[in-house]
Amino acid sequence: MQATTATHPIQSNKPIWYFILCWTLLNAIQAYTLEIHADEAYYWLYSRFLDWGYFDHPPMVALFIKAGYSLFHNEFGTRILTILSNSVCIYVMWLMVKQYGVKAKWFILLVSGLFIFHIYGFTTTPDVPLFLFTVLFYYVYKKYLEDDNLKYALLLALIIACLLYSKYHGVLLIVFTLASNIALLKRRSFWLILLGAIVLFIPHIWWQVSHGYPSVKYHLFERNGSDFSFARVGDYIPTQLAMGGPLIGWFVFYAAFRNRITDVFTGTLVVNAAGTFIFFLLNTIKGGVEAHWTLIGFVPLVMLALTYITKQNKPYKWLSILAIANIVFIVGLRIGIMFGPAILKKPLQLRSYYGFKDWAHKIKEKAGDSYVVFSEGFQNPSKYDFYNNNTKGFSYDARDYRRTQFSIWPIEDSLQRKRVYLVLNYYNKGVVKDTIQNEAGIWYGGWVDDLRTYQKIIIDTKPKTITAKPGQKVEFDLSITNPYPFAVNFTNVGYKHPVYFETCFFEHTTQVNVQTADSTFNKIALQKSQSTGYKVTATAPTEKGTYDLFFSLRTEPFTGSRNSPIIKFVVE
């Protein structure tokens, strides 16, 4: 079955070109004036360690940043491909919808009113290449429906691989597209597309295999789930309406799903839009859903809304006024963010844009050329590295946080037994010597001699679920593996900071019970890549309930790293 498109009068592209020029200039100014966002700095570090995969995401965002930063060594460089690719997306969407008679006026009013499109016009994250290849997928897929030939099949294979190299959410686009048109299975070229995409994606698959599937474990098993919350489910809908435009989002959704399916391509748009938003709505039952995760759903959504308006053939004067007010609000907000009034520096989502360049330089004055260890996640060490153009900022992935790419990079290998500067977001009397303060906040710093950490050590056990009585003793038969490129041992002889093996019980993110193993653990020594067995006994908490249990290696003055997968521990 082929897509059919009605014949419509040819429209001039000039209004769209002027619109895209203004859009690009706004994004460029914002990209140049704003400090680096924490997530962008993290992905900038990706680009300093190019690889086929990373703990959190596939590698496409690293390539985007690498290319741009090679031209401009600043915030603008990390964002230039975002600016250009976003403008390409806008134009390609226009090429598709104008075939359905969509007028330039409505295209400009609706597309520039989608708040989520503004966000990814100047901020570089994995969603940026995902957005680009989503739009390109729809463009080439539409041509493939109309003309089943080798050229379009090979292009689709390449684009699908790029989707998956951008963000794992890209698989939703593939699944929902196939669900909308099962007849694709009858095309021989479809199997060529599938095979080609898989072959192109093999390097990332191999990276996952060789690193022990870190992304799979994290996204599917290690992300902390939450109890069901009506508030979280209820927040999802207004948040998505806001992403579609604070004043017009409701209409964009209404118009899109009022649209009747007239051809295969329109059916694909409907299934992808509905499928994406329903999929993430269902995910709110399990845990939190970030507002921007639905980005790939807004591409078909806005195209459906535009074709609906065209079919209605109404003046929609009220919608024009509302859309203009919507654009004024968003652009005004963006200009406000550039100038940084105090009220816009308070929200957590915006706070990262202000004061961290000066903050990074202040810490560098204290630390000099020494390594700097941060205890509060991956964001601040990434910003420190970006603004000092080095890789000497390191994130200690504490047990009450999660593992990150810092648990894979070789930075930790270079820290061992060295004097490092430790930066904390809380006061620790035994360590703190300095206070670092500016508009970004207050931090505390001090020196740690003869550093000793074991963040990469892998502790594993077969049972993933344990059921026990309150106070019952449970024995675990563990495997301890050394992935470092050098030998390690857990003796405390000759070291300033002792190492402890601890069994940790958490309720969500709150540590409720810690049990320290006896000194037999300190007799273990491992050559590089070597594993050994170790038995440890843990006592179940006295309170009934469901706990997260994992094993942690702790050295002073740190809180301990997360060295094992989470075990579901049920006390009944």
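Preceding this paragraph is the structure being described.
Here the structure is a predicted model, which means the values were calculated and not measured.

Q: When you look at the sheet that holds strand β6 (residues 458–460) in this model, what are you seeing that I'm missing?
A: As a general point, the strands of a sheet are linked pairwise by backbone hydrogen bonds and lie either parallel or antiparallel. In spatial order, the strands read β6-β8-β13; together these three strands make up an open sheet with antiparallel pairing. Each end of this open sheet is capped by a strand with a single partner; those strands are β6 and β13 (531–539). Shown here is a sheet whose adjacent strand axes are inclined to one another by a mean of 30°, direction ignored. Here nine bridges tie strand β8 (residues 473–481) to β13, and the two strands are oriented antiparallel to one another. Within the sheet, the bridge partner assigned to Ile480 lies in β13 and is Thr532.

Q: Help me out: how do you make sense of the nonpolar core in this one?
A: The tendency in soluble globular proteins is for nonpolar side chains to be buried side by side. By size, the foremost hydrophobic cluster in this structure holds 91 residues, and its most contacted members are Met93, Phe107 and Phe117. Ignoring sequence-local partners within four residues, the contact set of Met93 consists of Phe107, Phe117, Phe131, Val135, Val299, Val302 and Met303. The next biggest cluster of nonpolar side chains, apart from the first, holds 46 residues, and it includes Leu45, Ala398, Ile411 and Tyr444.

Q: I keep staring at the packing of aromatic side chains and nothing clicks. Help me out?
A: The geometry of an aromatic ring pair is captured by two quantities: the separation of the ring centres and the angle between the planes. Enumeration according to the criterion identifies 60 aromatic pairs in this entry. A centroid spacing of 4.4 Å and a plane angle of 20° characterise the contact between Tyr396 and Phe558, whose relative ring orientation is stacked. With Tyr396 in the loop between β2 (393–395) and β3 (420–424) and Phe558 in the loop between β14 (545–555) and β15 (567–571), this residue pair connects regions lying 162 residues apart in the sequence. An aromatic cluster of at least three residues, connected via ring pairs, comprises Tyr42, Tyr43, Tyr46, Phe49, Tyr54, Phe378, Phe394, Phe406 and Trp409. Over the face of the ring belonging to Phe265 we find Lys142, whose NZ or CZ atom lies 5.8 Å from the ring centre. Sitting above the plane of the Trp447 ring, Arg419 keeps its charged end 4.2 Å from the centroid.

Q: I would appreciate a short explanation of the sheet that holds β14 in the present structure.
A: The five strands lie next to each other as β7-β15-β14-β10-β11, forming an open sheet whose pairing is mixed. Two strands close off the open sheet at either side, each with one partner strand: β7 (465–468) and β11 (510–516). Strand-to-strand twist across the sheet, computed as the mean angle between neighbouring axes with direction ignored, equals 30°. As defined by bridge partners, β7 adjoins β15 across four bridges and the pair is classed as parallel. Residue pairing in the sheet places Ala468 in a bridge with Val571 of β15.

Q: Just checking my understanding: could you explain the packing of helix α4 (residues 75–97) against helix α5 (residues 104–111) for this structure?
A: For any two helices packed against each other, the geometry is given by the interaxial angle and the distance between the axes. In contact at an axis separation of 11 Å, α4 and α5 are set at 140° when each is read in the N-to-C sense. By the criterion of interaxial angle, the relationship of α4 to α5 is oblique. At the point where α4 passes α5, the crossing takes the right-handed sense. Facing Ile90, Met93, Trp94 and Val97 of α4, the residues of α5 in contact are Ala104, Phe107 and Val111. Residue composition of the contact of α4 with α5, by class: seven nonpolar, no polar and no charged.

Q: Looking at this structure, I do not really get helix α10 (residues 188–210). What am I missing?
A: One turn of an α-helix holds 3.6 residues; hence residues three or four places apart share an orientation. For α10, with 23 residues, the first-to-last C-alpha span of 33 Å sits near the 33 Å given by 1.5 Å per residue. The sharpest bend along α10 comes to roughly 45°, located at Ile202, with the proline Pro203 sitting one to four residues further on. Taken together, the buried positions of α10 are occupied by Ser189, Phe190, Ile193, Ala197, Phe201, His204, Trp207 and Gln208. Where α10 is buried, its residues meet α7 (127–146), α8 (150–166), α9 (170–180) and α11 (214–222). Remark: Gly212 follows α10 within two positions and exhibits a positive phi of approximately 80°.

Q: How do you make sense of the packing of α7 against α8 when you look at a structure like this?
A: Running from amino to carboxyl end, α7 crosses α8 at an angle of 160°, the nearest separation of the two axes being 9 Å. Comparing their axes, α8 and α7 come out roughly antiparallel. As α7 runs across α8, the sense of the crossing is left-handed. The residues of α8 that touch α7, namely those facing Pro129, Leu130, Phe133, Thr134, Leu136, Phe137, Val140, Tyr141, Lys143 and Tyr144, are Tyr152, Ala153, Leu155, Leu156, Ile159, Ile160, Cys162, Leu163 and Ser166. Partitioning the contact of α7 with α8 into residue classes produces 16 nonpolar, two polar and one charged.

Q: Just checking my understanding: could you explain helix α14 (residues 264–286) for this structure?
A: For α14, built from 23 residues, the straight-helix expectation of 33 Å at 1.5 Å per residue is met to within 8% by its first-to-last C-alpha distance of 33 Å. Regarding α14, its N-cap is Asp263, as a side-chain oxygen of that residue lies 3.2 Å from the backbone nitrogen of Phe265 further along.

Q: So what exactly am I meant to see when it comes to empty space enclosed by the protein here?
A: Rolling a probe over the atoms, with the probe sized like a water molecule, indicates the empty space that remains. A complete count under the given rule lists one cavity of 30 Å³ or more for this structure. By volume, the largest cavity amounts to about 70 Å³. For the lining of the largest cavity, the elements supplying multiple residues, two or more each, are α4, α14 and α15 (295–312). At four residues, the largest contribution of residues to the lining of the largest cavity is made by α15. Class assignment for the residues of the lining of the largest cavity results in seven nonpolar, four polar and one charged.

Q: Can you walk me through a positive patch on the surface in this structure?
A: A surface patch of like charges, here positive, comprises Arg258, Arg260, Lys311 and Lys314. Structurally, the position occupied by Lys311 is in helix α15. For Lys311, a relative accessible area of 41% gives the class partly exposed.

Parameters at a glance
- Residues numbered from 1 in each chain as written.
- Predicted model: local features only at pLDDT ≥ 70, side-chain atom pairs only at ≥ 80, totals over all residues.
- Heavy atoms only, no water.
- Pairing = 2+ DSSP bridges.
- Helix = DSSP H or I, 4+ residues; strand = E, 2+ residues; numbered from the N terminus.
- Axes fitted to C-alpha atoms, helices over the stretch in contact; angles between N-to-C directions.
- Core = buried A, V, L, I, M, F, W, Y, C linked by side-chain atoms within 4.5 Å.
- Buried < 20%, exposed > 50% of the residue type's maximum accessible area, 1.4 Å probe, protein only.
- Contact = heavy atoms within 4.5 Å.
- Phe/Tyr/Trp six-rings, centres within 6.5 Å; stacked < 30°, edge-to-face > 60°.
- Lys NZ or Arg CZ within 6 Å of the ring centre and 35° of its normal.
- Parallel < 35°, antiparallel > 145°, perpendicular 65-115°, else oblique.
- Left-handed = near helix turned anticlockwise from the far one by under 90°.
- Nonpolar A, V, L, I, M, F, W, Y, C, P; charged D, E, K, R; others polar.
- Expected span 1.5 Å × (residues − 1).
- Bend = angle between axes of the 7 residues up to and from the residue.
- Polar contact = N/O pair within 3.5 Å; in protein donor to acceptor, adjacent residues only side chain to side chain.
- 1 Å grid on protein atoms, 1.4 Å probe; cavity = no way out; pocket = protein on both sides within 12 Å on 5 of 7 lines; lining within 4 Å.
- Points joined across faces, edges and corners; volume = space filled by probe spheres on them.
- Patch = residues over 30% accessible without salt bridge, like charges linked within 9 Å, V, L, I, M, F, W, Y side chains within 5 Å.
- Areas by Shrake-Rupley, 256 points an atom, 1.4 Å probe, with all protein chains shown as cover.
- Salt bridge = Lys/Arg side-chain N within 4 Å of Asp/Glu carboxyl O.
- Lys, Arg positive; Asp, Glu negative; His and termini not counted.
- Charge placed at Lys NZ, Arg CZ, Asp CG, Glu CD.

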